Amino acid sequence: MKAYQYKNLIYIPVYKNAATSHEILFGRTLNWTEILSETIDWNNSTVFAHISNPYLRHLRGTTQFLVQNNLESVVDDPRFERFLVSGYFDHHCYPLTLMFGEKTSKINWLPLDHPKMSSNAITCSFLKQHGVDISEQQIGRAHV
């Protein structure tokens, strides 16, 4: 899995959590180094990612999979409900705990759907704490 590194700060894109926009921000705009997440030094790095409501992420990922594969008609089949509650169709709806295992708790999770703060403000604040000073506008321009 791709990640982006600046010094000991590492961003991991999580699909259906604004990953494309943040990949543009960290990879192109800020020119962080692209690495593989398998090479992360978990003991000496600060790793962060964005997170949203897991149920909604799963639903968005499943919907995207069905539309991309022209399978929308399966939702009318009553058996689909049984499959939906435990089925993971692709990386867009794969559970984070299965994706990262025990490392899930080592990731600084920045919420995308906080009820009182924008995700851009949260991201800016986190980055500032770690020596990266960017504006909310820079983040906003990276969103596709």
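Description of the structure in this document. (Residues numbered from 1 in each chain as written. Predicted model: local features only at pLDDT ≥ 70, side-chain atom pairs only at ≥ 80, totals over all residues. Heavy atoms only, no water.)

**Some words on the pairing of strand E1 (residues 2-6)**
In this structure, E1 lies alongside strand E3 (residues 33-36), joined through four bridges in antiparallel fashion. Opposite Ala-3, over in E3, you have Ile-35 as the bridge partner. Of the pairings in the sheet, the one linking E1 to strand E2 (residues 9-11) comprises three bridges and is antiparallel in character. Bridge pairing in E2 places Gln-5 opposite Ile-10. The hairpin formed by E1 and E2 contains two residues between the paired strands, and Lys-7 there has a positive phi angle of roughly 55°. (Pairing = 2+ DSSP bridges. Helix = DSSP H or I, 4+ residues; strand = E, 2+ residues; numbered from the N terminus.)

**Focus: the sheet that holds strand E5 (residues 107-111)**
Overall, mixed pairing links the five strands, which are arranged E3-E1-E2-E4-E5 in an open sheet. Two strands in the sheet have a free side with no partner beyond their single neighbour: E3 and E5. Each neighbouring strand pair of the sheet contributes to a mean axis angle of 35°, computed without reference to strand direction. Lying over the sheet, helix H5 (residues 119-129) contacts E2, strand E4 (46-51) and E5, oriented at roughly 145° with respect to E5. (Axes fitted to C-alpha atoms, helices over the stretch in contact; angles between N-to-C directions. Contact = heavy atoms within 4.5 Å.)

**Looking at the nonpolar core**
Core analysis: the biggest nonpolar cluster contains 16 residues, and Leu-9, Tyr-11, Phe-26, Trp-32, Phe-48, Leu-127 and Ile-134 have the highest contact counts within it. When contributions to this core are tallied by element, the ones reaching two or more residues are E2, helix H1 (19-29) and H5. Of all the elements, H5 adds the most residues to this core, at four residues. One finds Val-14, Ile-35, Ile-40 and Phe-100 within the second-largest nonpolar core, a separate group that totals eleven residues. (Core = buried A, V, L, I, M, F, W, Y, C linked by side-chain atoms within 4.5 Å. Buried < 20%, exposed > 50% of the residue type's maximum accessible area, 1.4 Å probe, protein only.)

**Comments concerning H1**
Along an α-helix, a turn takes 3.6 residues, which lines up residues three or four apart on a common side. Every buried residue of H1 is listed here: Ala-19, Ser-21, His-22, Glu-23, Ile-24, Leu-25 and Phe-26. One or two residues past the end of H1 sits Asn-31, with phi positive at roughly 55°.

**What to know about H5**
Burial analysis of H5 places eight of its eleven residues in the buried class, which makes it a mostly covered element. When H5 is considered as a whole, its buried residues turn out to be Ser-119, Asn-120, Ala-121, Ile-122, Thr-123, Cys-124, Phe-126 and Leu-127. Downstream of H5 by one or two residues, Gly-131 has phi in the positive range, about 85°.

**Comments concerning unusual backbone geometry**
If a residue is not glycine, its phi is most likely negative; likewise, a peptide bond is most likely trans. The phi torsion at Lys-7 lies on the positive side, around 55°, for a residue other than glycine. On the secondary structure map, Lys-7 appears in the loop between E1 and E2. At Asn-31, a position not held by glycine, the phi torsion is positive, near 55°. When you line up the elements, Asn-31 lands in the loop between H1 and E3. A relative accessible area of 58% means that Asn-31 is categorised as exposed.

**Concerning the side chain of Thr-46**
Here Thr-46 shows up in strand E4. Ignoring anything within four residues of it in the chain, the contact list for Thr-46 reads Asn-8, Leu-9, Ile-10, Asn-108, Phe-126 and His-130.

**A closer look at the environment of Thr-39**
By the element assignment, Thr-39 lies in the loop between E3 and E4. For the pair Thr-39 and Met-1, spaced 38 residues apart in the sequence, the C-alpha separation amounts to 9.9 Å. Side-chain polar atoms of Thr-39 contact the backbone oxygen of Leu-36, separated by 2.7 Å. (Polar contact = N/O pair within 3.5 Å; in protein donor to acceptor, adjacent residues only side chain to side chain.)

**Examining the pattern of salt bridges**
Summed over the entire model, instances satisfying the criterion amount to three salt bridges. Ionic pairing is found between Lys-2 and Glu-23, a salt bridge with its closest N-O pair at 3.1 Å. Here Glu-23 lies in helix H1 and Lys-2 lies in strand E1, a separation of 21 residues in the sequence. Its salt-bridge partner being Glu-102, residue Lys-103 comes within 3.4 Å of it at the nearest N-O pair. Judged by relative accessible area, Lys-103 falls into the partly exposed class, the value being 27%. (Salt bridge = Lys/Arg side-chain N within 4 Å of Asp/Glu carboxyl O.)

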